[in-house]
Amino acid sequence: MKNFYITTPIYYVNDSPHIGHAYTSLCCDYIARFKSLDGYDVRFLTGTDEHGQKVENAANIKQIKPKDFVDEVSENFLKLTNVLNLSNTDFIRTTQERHLKSCEHLWSKLFSNGHIYLDNYSGWYSVRDETYFQESELINGKAPTGAEVVWVEEPSYFFNLSKWQDKLLVFYNNNPEFILPRSRRNEVLNFVKGGLKDLSISRTSFSWGIKVPNDSKHIMYVWLDALTNYITYSGYGSNENDFKNNWPADLHVVGKDILRFHTVYWPAFLMAADLPLPKRVFAHGWWTNEGEKISKSLGNVINPFDLIDQYGLDQVRYFLLREVPFGNDGDFSKSHLVQRINSELANNLGNLVQRVTSFCLKNTMGKVPDHKDKFNKKDLEIINSFETELSTLRKLIDKQKLDESLKEIWIKITKSNKYIDDQAPWNLKNDDIERMNTVLYCLLESIRQIGILIQPIMPNSSSKILDIFGLQANQRSFKELASKLIVGTNLIKQDVIFPRIEIQ
Ligand code: MSP
């Protein structure tokens, strides 16, 4: 079995989960489920980033100890993974012992390889971004993100990032698809070509973090700590054998705001520690809400729990991934959400399933009818196109063209709807029962295939569809697309899968 390892960023626990967190996680879940149904042994990691000044400040405001604070907030993120029905295989917290060991191990390795030195840092720091900024990068005295910056002057360990500039450029050149989408890759290339400065990787002015080995006055820079989570899970610093099998990651999915950390700092740390590099970093865009930037001060933060309560989990999963070409920014609009639910889920997919199964319950005694092997060209197109469809989907998923992969499945659904209208089984009922049975067989078979293919995006609804045929767990993988429905199988009636949403 081939391995596939995918990660979400780990989420800061200074705040409650919002739509941005849900989005990154859902994109990863879609890919993870796809790979798993396609026969891969999938590792899918998500979790929480619990150290650093930002989190310490948030705990101080609440007047509770940072550890108590992170325990509480991390729970909300864990709850989100459950509510989103994520198939993650672990949930890492950077306050866990395994992570402490892995960070210490990485630090010691970088140190003994001669890539860390002690000096003084003086410069600007944005706590909200947990990022150092050059004077020249500031815009009107603020970080380019609009965050406040503070002047920091303290003893600090440095990582010799400047020495890795050429090696990084060679690496990007040899691995043209390491950073996707392409536009983002160009941004990173330009940044690295512009010259890299050594990076401050420890702080002494606060205490909430992992202590530097042999110098406990220093706390590791939260980004060095956070990025290391990806190898902690693979067994770094605790189980070398596991680590060999489980690293490198195939795909880090991140938001565009944290691309530099993942495509410049992270590969440089890994090279410096003699470790293999991840195969790809994909940066997705940001959501706005009805045209406005999402921010707490505007009071327009979208709460994923409320959204799911109101519209349903699979509906939200589908909408978020279908609405925006993966990699682009997107605008969240309730009217678009309702439109997609009504037209693409309720009308296109839901009606197909409803029409065909209700018709069979009345006209084929609720069983899969006999086709007697009398398939014409149109029938064969409907029941045998899954091989081409699957190979197209594989290519799209491997390039993270998530929205396109959904479009592809909906083409199949539309074709089946056209087939039912063209073949009109309700007319055949009166003069050609044999042909009616063949048509219905093809439709049921197409619905079975659609049910299998939509599992990664809508795990609950697809399960209801596959329950119509009483299929067991081992009959639902992509390999099973090739096994056809058995004539005579009892059909089990299901409730409406996608209720329409009334537009007020
Ligand atoms: N803790 C760091 C990541 C460390 S990974 C080693 C972090 N955390 S975060 O909680 O601030 O952000 C997590 C993810 O949410 C990022 O990928 C970010 O891009 C994403 N989003 C935050 N707001 C968003 C939107 N409005 N839209 C889409 N995604 C957004 O960064």
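See the structure shown above.
Given the structure is predicted, the values throughout are model-derived calculations rather than measurements.

The next subject is the layout of surface pockets. The volume enclosed by the second largest pocket comes to roughly 440 Å³. Taken together, 24 residues line the second largest pocket, and the ones lying closest to its centre are Y132, Q134, E137, K197 and Y265. Elements that contribute at least two residues to the lining of the second largest pocket include exactly β5 (116–126), β6 (131–133), β7 (150–159), β9 (199–200) and α10 (259–272). Looking at which element gives the most residues to the lining of the second largest pocket, the answer is β5, with four residues. Grouping the amino acids of the lining of the second largest pocket by side-chain chemistry returns 12 nonpolar, seven polar and five charged.

Counting 89 residues, the largest nonpolar core has I6, L320, L321, L349, W410, I454 and M458 as its most contacted members. Filtering out sequence-adjacent residues up to four positions away, W410 remains in contact with Y318, E344, L345, N348, L349, I454 and M458. Within the second largest apolar cluster, 64 residues are counted, among which are F158, F178, I258 and V281.

Looking now at the state of the cysteines. In this structure the tally under the stated criterion is zero disulfides. Note on C28: no disulfide assigned, nearest cysteine sulfur contributed by C27 at a separation of 6.8 Å. Left unpaired, C360 is separated from the closest cysteine sulfur, that of C442, by 11 Å. On the basis of relative accessible area, C360 is assigned to the buried category, the value being 0%.

The next subject is the environment of P276. Mapping P276 onto the fold places it in the loop between α10 and β14 (281–284). Put simply, P276 and P248 are 28 residues apart on the chain and 6.0 Å apart in space, counted from C-alpha to C-alpha. Beyond its immediate chain neighbours, meaning those up to four positions away, P276 contacts W247, P248 and L270.

Below, the discussion takes up the site of the ligand. In the vicinity of the ligand lie 22 residues, with I10, D49, G255, D257 and W287 positioned nearest. Contact distances for the ligand include 2.5 Å between an oxygen atom and a side-chain N or O atom of D257. Burial of the ligand by the protein amounts to 94% of the accessible area it has alone, namely 670 Å². At the level of secondary structure, the elements contributing two or more residues to the shell around the ligand comprise β2 (11–12), α1 (19–37), α7 (222–227), α8 (229–232) and β13 (251–255). Residue contributions to the shell around the ligand peak at three residues, all from α7.

Turning our eyes to something else, we now look at the side chain of H218. Considering the arrangement of structural elements, one finds H218 in strand β12 (residues 215–220). Judged by relative accessible area, H218 falls into the buried class, the value being 3%. Not counting residues within four places of it along the chain, the set of residues in contact with H218 comprises L118, P155, S156, Y157, S202, R203, T204, I210, K211 and V212.

It is worth spelling out the sheet that holds strand β16 (residues 292–293) at this point. Overall, mixed pairing links the three strands, which are arranged β16-β15-β17 in an open sheet. The open sheet is flanked by β16 and β17 (330–332), the only strands paired with a single partner. Bridge count for strand β15 (residues 287–289) against β16 is two bridges, and the pairing is antiparallel. Paired with T288 across the two strands is K293, which belongs to β16.

The description of two packed helices rests on the angle between their axes and on the distance between the axes. Remark: helix α5 (residues 165–174) packs on helix α6 (residues 182–193), axes separated minimally by 10 Å, with the N-to-C direction vectors making an angle of 155°. The orientation of α5 relative to α6 falls into the category roughly antiparallel. The handedness of the crossing between α5 and α6 is left-handed. In this structure, α5 contributes Q165, L168, L169 and Y172 to the contact, and α6 contributes R185, V188, L189, V192 and K193. Here the residues of the contact of α5 with α6 are counted per class, giving six nonpolar, one polar and two charged.

Burial in helix α2 (residues 53–61) covers these residues: Q53, K54, V55, E56, A58 and A59. On the buried face of α2, the contacting elements are β2, β3 (41–49), α3 (66–83), β5 and β10 (202–203).

On to helix α19 (residues 459–467), then. Here α19 has its buried residues at P459, S461, S462, I465 and L466. Along the axis of α19, the buried residues cluster in a sector spanning 165°; they form a single face. Residues of α19 that are buried in the fold lie against α1, α12 (313–323), α13 (334–363) and α18 (433–453).

Now for empty space enclosed by the protein. Summed over all chains, the structure comprises four cavities of 30 Å³ or more. Approximately 80 Å³ is the volume attributed to the largest cavity. The wall of the largest cavity is formed by V353, Q354, T357, S358, L361, I468, I492, K493, Q494, D495 and I497. In the lining of the largest cavity, the residues fall into five nonpolar, four polar and two charged.

Attention now moves to the side chain of Q455. With respect to the secondary-structure elements, Q455 resides in the loop between α18 and α19. You can call Q455 buried: its relative accessible area is 12%. A polar contact is formed between the side chain of Q455 and the backbone oxygen of I452, at a distance of 2.9 Å. In this structure Q455 touches R33, L37, S462, L466 and R476, once residues within four positions along its chain are discounted.

About the thresholds
Residues numbered from 1 in each chain as written. Predicted model: local features only at pLDDT ≥ 70, side-chain atom pairs only at ≥ 80, totals over all residues. Heavy atoms only, no water. 1 Å grid on protein atoms, 1.4 Å probe; cavity = no way out; pocket = protein on both sides within 12 Å on 5 of 7 lines; lining within 4 Å. Points joined across faces, edges and corners; volume = space filled by probe spheres on them. Helix = DSSP H or I, 4+ residues; strand = E, 2+ residues; numbered from the N terminus. Nonpolar A, V, L, I, M, F, W, Y, C, P; charged D, E, K, R; others polar. Core = buried A, V, L, I, M, F, W, Y, C linked by side-chain atoms within 4.5 Å. Buried < 20%, exposed > 50% of the residue type's maximum accessible area, 1.4 Å probe, protein only. Contact = heavy atoms within 4.5 Å. Disulfide = S-S within 2.5 Å. Near = heavy atom within 4 Å. Polar contact = N/O pair within 3.5 Å; in protein donor to acceptor, adjacent residues only side chain to side chain. Areas by Shrake-Rupley, 256 points an atom, 1.4 Å probe, with all protein chains shown as cover. Pairing = 2+ DSSP bridges. Axes fitted to C-alpha atoms, helices over the stretch in contact; angles between N-to-C directions. Parallel < 35°, antiparallel > 145°, perpendicular 65-115°, else oblique. Left-handed = near helix turned anticlockwise from the far one by under 90°. Arc of directions from axis to C-beta.

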